[in-house]
Amino acid sequence: MKIEKLKEKSHWLRKELFEMVVRTKKGHFPSSSSIAEVVVALYYGGYLRVNPKNPREPDRDRLFVSKGHAGMVIYPILEDLGFVPKGELAKFTKAGGMFRFYPDTSIPGIEAISGSLGHGLGIAAGHALAAKREGRKYRTFAVLSDGECYEGSTWETAMFAAHQQLDNLVAIVDRNGCCILDHTEKCVRQEPFEDKWEAFGWHVLRSDGHSYVELTRALDEAVSGRIVGKPIAIISKGVKGKGVSFMENRPGWHNRMPTDAEIQQARTELAINCITS
Amino acid sequence: MSDVPQKLPRDSFIDEIYAEAIRNDRVYFMSADLGAKALDRFRKDCPGRFIHAGICEQNMVDVAAGLAQCGKLVYLYAMAPYVTLRCYEQIKVALGHMELPATLIGNGIGFSYTDAGPTHYATEDISCMRALCGCEVISCSDDTSVIETARLTYREPALRYVRLDRKFLPQVYAAGDTRFLTDGIVLTDEGEDACIVTNGYMLHKAREARVNLAKQGRRIALVDVYRIKPLDPKVVRRVLEPFSRIVTLEEHYLAGGIGSAVLEAMADASLSRPVLRLGIQDRYFCENGGRDYILGLSGLDVPTITSNVAKFLS
C-alpha cells in the first residue's frame, strides 16, 4: 500500500479509537494513538502476512501488542480486515461483544493475552524459537511500550533472544517517554535507551513513530534478510496522545476521560489528519 | 535398604522424558540453570530441544508459553521455589489463562535442600500453586509415582506442577500399581484406629511413627495425597470414611497445604471427623542441623508425631 493510503488509514483509525473510548468510557486513547502508525504499517503495509480467514495458520506472521493497555489499537483493523464480523467494534467492552478492554486469545487475530506488562516479548520469543527449530519462515513482531521496559522480564528475554540469534523476531519499542505518573526520565531514568538494546545484543533501528517514510524504511530493513543472527529492535519515537493537542506528551492523560468540551475539541482536531509523511 | 531406588527422583523423571523426546520431537526441556545426571544425556542427544532459559524463570515461563502455542510439549525445570513463586504471575497469565499444557518440575520440595535455608525451601508452594486456576498439583512419594507421573505428563498434557523430593524416597507403590493416577488419594498402609493423611518424605516418617504406634496397640492407616489438586471429594470420602479420627501431616505451612486441601474435600463430601493437623510452624527456618532436625523444631520428628497422634487418639 502506498504511503498516501497508509496515511488515510491513520486518519480513520485514530478517529475510531477516540470514539471507542468516548462511547464506552473505557480504553486508552493516548497509548493507542502513539502506535497507530506502527500497526497500520504492519497490517496494511504488507509486513504482517496474516490470513483473516484462518487466523491460526501455522505459517502466519505473528504480532504481539505487548503493551496491552493499547491492545485496542488493532480492534478496528481486525474488523476492517474481516478477522471478526462487522459490528463487533460497536460492542467494544459491552456484554456479548468479542472485543475486551484488554485483548486475549478468545478474539480472532489476537495471539496472546496482554494487560500485564513484560510478557509479550517472551511469548513472541517462544514463537520465533519454534520457527527456527521447525525451519518455518514466519516472522514474529512484538510491540512494546517503553514503560514495559521497566519490567525485568523484558530484559530477561532480550538477553535470551539475542543468545538464540532470533533474527526472525522484531521488537518495535514505542519510545514515547511517558508512563502514568510522569515522563519516564523523571520516574526512573531509562536513557541511554537505544544503547541498552544494543548492549543486549540486538540490531537497533530507529524511526519516527508517526512517519510512514521512516517506519517503512525501518521495517523494510528489519525484514530484508540482511540482518543475520540478531533480533531486531526498532526504537519508534511515538507521541502519547498523538493527534489531540491537549493530550500529546502529557502522562496524566493515560487513562483520564475528556469532558464534553474536550471531546468536541478533540473531534475538531482529529477531523484533520495529523500524519503528514 | 533394599527398597531404595537407584536414581534420584529428578533422574527417574527426566529419563522418562528423555525416552519420550527420542520418540517425539515436540518435547522441549527448559532449565533455569538446574542440572541433573539424566539431563546430560538429553542435552547431548537433543541439543536443539534443551533450552537454557538463563537464570530467568520469568523468561522461561513466557517462552514456554510461546513454544506451547506452537504445539511443543514443554518441561520447565528449576528448584521448587523458583519454578513456582519466582515466576508466579507468568504461570497465571501466560500458561494458566491461555490454557497451555506445560509441566513445571519443582525439584527439592519441603526442606529437602538440607540446611540451605528459607530461600531454597519449598514450604508454601502447594498453597500457592493450588490457588492457580487450571493448574494440577502432584507430589511424588516414591520412584514408581515419579515414573508414572512423567509418563502422564506426555500422555495427557496439561498445566501441571510436579513436586519432586531432592532425595531418594523408599518404595510405596509396586511397579505397575497406578491407583494414585486414577484416585489421586490412596490408602497405602492398612489400619483401623485412625489414619494419617500425608505425602512425600512425611509419608515415610509416618511409616516409622506407625510402627511405634503399633507397639502401643494402635493400628494406624496411612494415606498418600498424590494429586493435591484436583481432589475428588467422592474419592476422599471413600478413602477416609472408615476412620473415626484423621491426622494430616505435611512438610509445609498449614495455611493452604494438604491438610487444607483434604479438609475442603471432606467438607464438600459432607464428611465430618475430628482432625489433627500437623505441619511446620509459621516462621522461617534458618537453623543448621539437617532436615530431620528442622522438622523436629515444628514437632514433625518421629517421636513427637508418635506422641501427638497417641494423645489425639486417647
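Residues numbered from 1 in each chain as written. Chains lettered and ligands numbered in written order. Predicted model: local features only at pLDDT ≥ 70, side-chain atom pairs only at ≥ 80, totals over all residues. Heavy atoms only, no water.

A few points about the overall build of chain B
Rule in force here: In this text, helices come from DSSP runs of H or I with a minimum length of four residues, and strands from runs of E with a minimum of two, each type numbered from the N-terminal end. Radius of gyration here is computed from C-alpha atoms only, and the compact-globule reference equals 2.2 Å multiplied by the residue count raised to the power 0.38. We call two residues contacting when some pair of their heavy atoms lies within 4.5 Å. To be clear on the numbers: accessible area is Shrake-Rupley with a 1.4 Å probe, and residue cover counts the displayed protein chains and nothing else. Under this rule, positive means Lys or Arg and negative means Asp or Glu; His and the chain ends count for nothing. Where a charge lies is defined by one atom per residue type, namely NZ (Lys), CZ (Arg), CG (Asp) and CD (Glu).
Of regular secondary structure, chain B possesses twelve helices and twelve strands. Taken over the C-alpha trace, chain B has a radius of gyration of 19 Å; the compact-globule value for 314 residues is 20 Å, and the two agree within 12%. Restricting the contact set of chain B to residue pairs at least 6 apart, pairs at least 24 apart contribute 78%. For chain B, the accessible area works out to roughly 11,800 Å², and carbon and sulfur atoms hold 51% of it. The distance from the centre of the 37 positive side-chain charges to the centre of the 40 negative ones in chain B is 1 Å.

Digging into the nonpolar core
Rule in force here: Working definition of a nonpolar core: buried Ala, Val, Leu, Ile, Met, Phe, Trp, Tyr and Cys residues. They are joined through side-chain atoms within 4.5 Å. Three exposure classes are used, based on accessible area relative to the maximum for each residue type with a 1.4 Å probe and protein chains only: buried under 20%, partly exposed in between, and exposed over 50%. Domains are outlined according to an automatic or database domain assignment.
Counting residues in each nonpolar core, the largest one holds 86 residues, and the members touching the most others are Trp197 and Trp202 of chain A together with Leu240 of chain B. Among the elements that line this core, the one with the most residues is helix H5 (residues 120-134) of chain A, at eight residues. Here this core spans two domains, and each of domain 1 (9-164) and domain 2 (185-313) of chain B adds at least three residues to it. With residues up to four places along the chain from it excluded, the contact list for Leu240 of chain B reads Cys195, Val197, Val223, Ile246, Val262, Met266 and Leu271 of chain B. If you look at the next biggest cluster of nonpolar residues, it comprises 62 residues, including Ala21, Tyr75, Phe111 and Ile138 of chain B.

Description of the sheet that holds strand E5 (residues 136-139) of chain B
Residue and element names in this part refer to chain B. Condition: Here, strands pair whenever DSSP counts at least two bridges between them. Lines fitted to C-alpha atoms define the axes here, with helix axes fitted over just the stretch in contact, and angles between the N-to-C directions of these axes take values from 0 to 180 degrees.
Taking strand neighbours across the sheet as the criterion, the seven strands line up as E2-E1-E3-E4-E6-E5-E10 in an open arrangement whose pairing is mixed. The open sheet has two edge strands with one neighbour each: strand E2 (50-52) and strand E10 (227-229). In this sheet, adjacent strand axes meet at a mean angle of 20° when their direction is disregarded. Pairing between strand E4 (residues 102-107) and strand E6 (residues 159-164): six bridges, direction parallel.

Topic: the sheet that holds strand E9 (residues 220-225) of chain B
All names here are of chain B. Read across the sheet, five strands follow the order E7-E9-E8-E11-E12 without closing on themselves; strand pairing throughout is mixed. The sheet is open, and its two edges are formed by strand E7 (185-189) and strand E12 (275-280), each paired on a single side. Averaged over all neighbouring strand pairs, the angle between strand axes comes to 25°, with direction disregarded. Across five bridges, strand E8 (residues 194-198) lies against E9 in parallel orientation. Paired with Ala194 across the two strands is Ile220, which belongs to E9. Relative to E9, helix H8 (residues 200-215) is tilted by about 175°, and along the sheet it contacts E7, E8, E9 and strand E11 (246-253). Against the sheet, helix H12 (residues 302-313) contacts E8, E9, E11 and E12, and its axis sits at roughly 160° relative to E12.

Describing unusual backbone geometry
In this structure, the amide linkage connecting Glu191 of chain A to the following residue, Pro192 of chain A, adopts the cis form with an omega of 0°. Of note, the amide linkage connecting Lys229 of chain B to Pro230 of chain B takes the cis form, showing an omega dihedral of -5°. Here Pro230 of chain B shows up in the loop between E10 and helix H9 (233-240). Positive phi outside glycine occurs at Asn249 of chain A, with the angle close to 60°. Considering the arrangement of structural elements, one finds Asn249 of chain A in the loop between strand E5 (232-237) and helix H10 (260-270). With relative accessibility at 38%, the residue Asn249 of chain A sits in the partly exposed group. A positive phi angle, near 55°, is found at Ser270 of chain B, a position not held by glycine. For Ser270 of chain B, the position within the fold is in the loop between helix H10 (258-268) and E12.

Section: the packing of aromatic side chains
Residue and element names in this part refer to chain A. To be explicit about the condition: Only centres within 6.5 Å qualify two rings of Phe, Tyr or Trp (six-membered ring in Trp) as a pair; their planes then separate them into stacked at under 30 degrees, edge-to-face at over 60, and tilted for everything else.
Across all of its chains, the model carries 16 aromatic pairs over all chains by this definition. Ring centres 5.5 Å apart and planes at 85° place the aromatic pair Phe18 and Phe29 in the edge-to-face group. Taken together, the residues Phe18 in helix H1 (residues 3-24) and Phe29 in helix H2 (residues 29-33) connect sequence positions eleven residues apart. We note that Phe18, like Phe29, is buried. Their ring planes at 45° and their centres at 4.9 Å tell us that Trp155 and Phe200 sit as a pair that is tilted.

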